[in-house]
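Topology and contacts: notes
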Amino acid sequence: MKIEILSVALVDIQSGQHFYEQQQEGLGAYFLDSLFSDIDALLLYAGIHQQFFGYYRALSKRFPYAIYYRVSEQTIQVWRVLDCRQKPSRTVDALRT
């Protein structure tokens with residue numbers, strides 16, 4: 001099985017990295033390492049998470065982010081990586097687009 005990260009999810013990750021790098025130098029790199037570690041863990045745990053709006057949702061271990069993904073026969077597709085601190089309506093809107 002392989003992991004495919006869609007371009008919109010990469011934009012989400014880059015936005016988070018930029019935010020955390022603004023907070024403290026080096027924190028953006030730590031954010032990236034943590035998120036990609038969480039995404040890599042999907043190779044073992046894909047499909048066991050609760051579903052929301054037709055996507056599985058895995059929560060990041062270190063940051064308040066949720067990884068929304070779908071599983072097909074041979075691919076785990078990461079659709080969005082969203083900040084859990086935003087208004088729930090913004091999450092719903094992001095998942096519907």
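The following refers to the structure shown. (Residues numbered from 1 in each chain as written. Predicted model: local features only at pLDDT ≥ 70, side-chain atom pairs only at ≥ 80, totals over all residues. Heavy atoms only, no water.)

1. With respect to the side chain of Arg80
Inspection of the secondary structure assignment puts Arg80 in strand 5 (residues 75–83). Among the polar contacts made by the side chain of Arg80, one reaches the main-chain carbonyl oxygen of Ala94 at a distance of 3.1 Å. Setting aside chain neighbours within four positions, we find Arg80 in contact with Val8, Ala9, Asp12, Ala66, Ile67, Tyr68, Ala94, Leu95 and Thr97. (Helix = DSSP H or I, 4+ residues; strand = E, 2+ residues; numbered from the N terminus. Polar contact = N/O pair within 3.5 Å; in protein donor to acceptor, adjacent residues only side chain to side chain. Contact = heavy atoms within 4.5 Å.)

2. Concerning the side chain of Asp38
Within the element layout of this structure, Asp38 appears in helix 2 (residues 27–40). With no salt bridge to any partner, buried Asp38 finds its closest opposite charge in Lys61, at an N-O distance of 5.2 Å. Polar contacts involving the side chain of Asp38 include one to the main-chain amide nitrogen of Lys61, which spans 3.3 Å. Apart from the residues lying within four places of it in its own chain, the contact partners of Asp38 are Ser60, Lys61 and Ile67. (Buried < 20%, exposed > 50% of the residue type's maximum accessible area, 1.4 Å probe, protein only. Lys, Arg positive; Asp, Glu negative; His and termini not counted. Salt bridge = Lys/Arg side-chain N within 4 Å of Asp/Glu carboxyl O.)

3. Description of the packing of aromatic side chains
The full count for this structure, using the stated rule, is 9 aromatic pairs. A ring pair is formed by Phe31 and Phe63, whose centres lie 5.1 Å apart and whose planes are at 80 degrees; its orientation type is edge-to-face. Separated by 32 residues along the polypeptide, Phe31 in helix 2 and Phe63 in the loop between strand 3 (55–59) and strand 4 (65–71) bring together distant segments of the chain. Within the aromatic cluster, the residues linked to one another by ring pairs are Phe19, Tyr20, Tyr30, Phe31, Phe63 and Tyr65. (Phe/Tyr/Trp six-rings, centres within 6.5 Å; stacked < 30°, edge-to-face > 60°.)

Nothing here speaks to function; it is geometry throughout.
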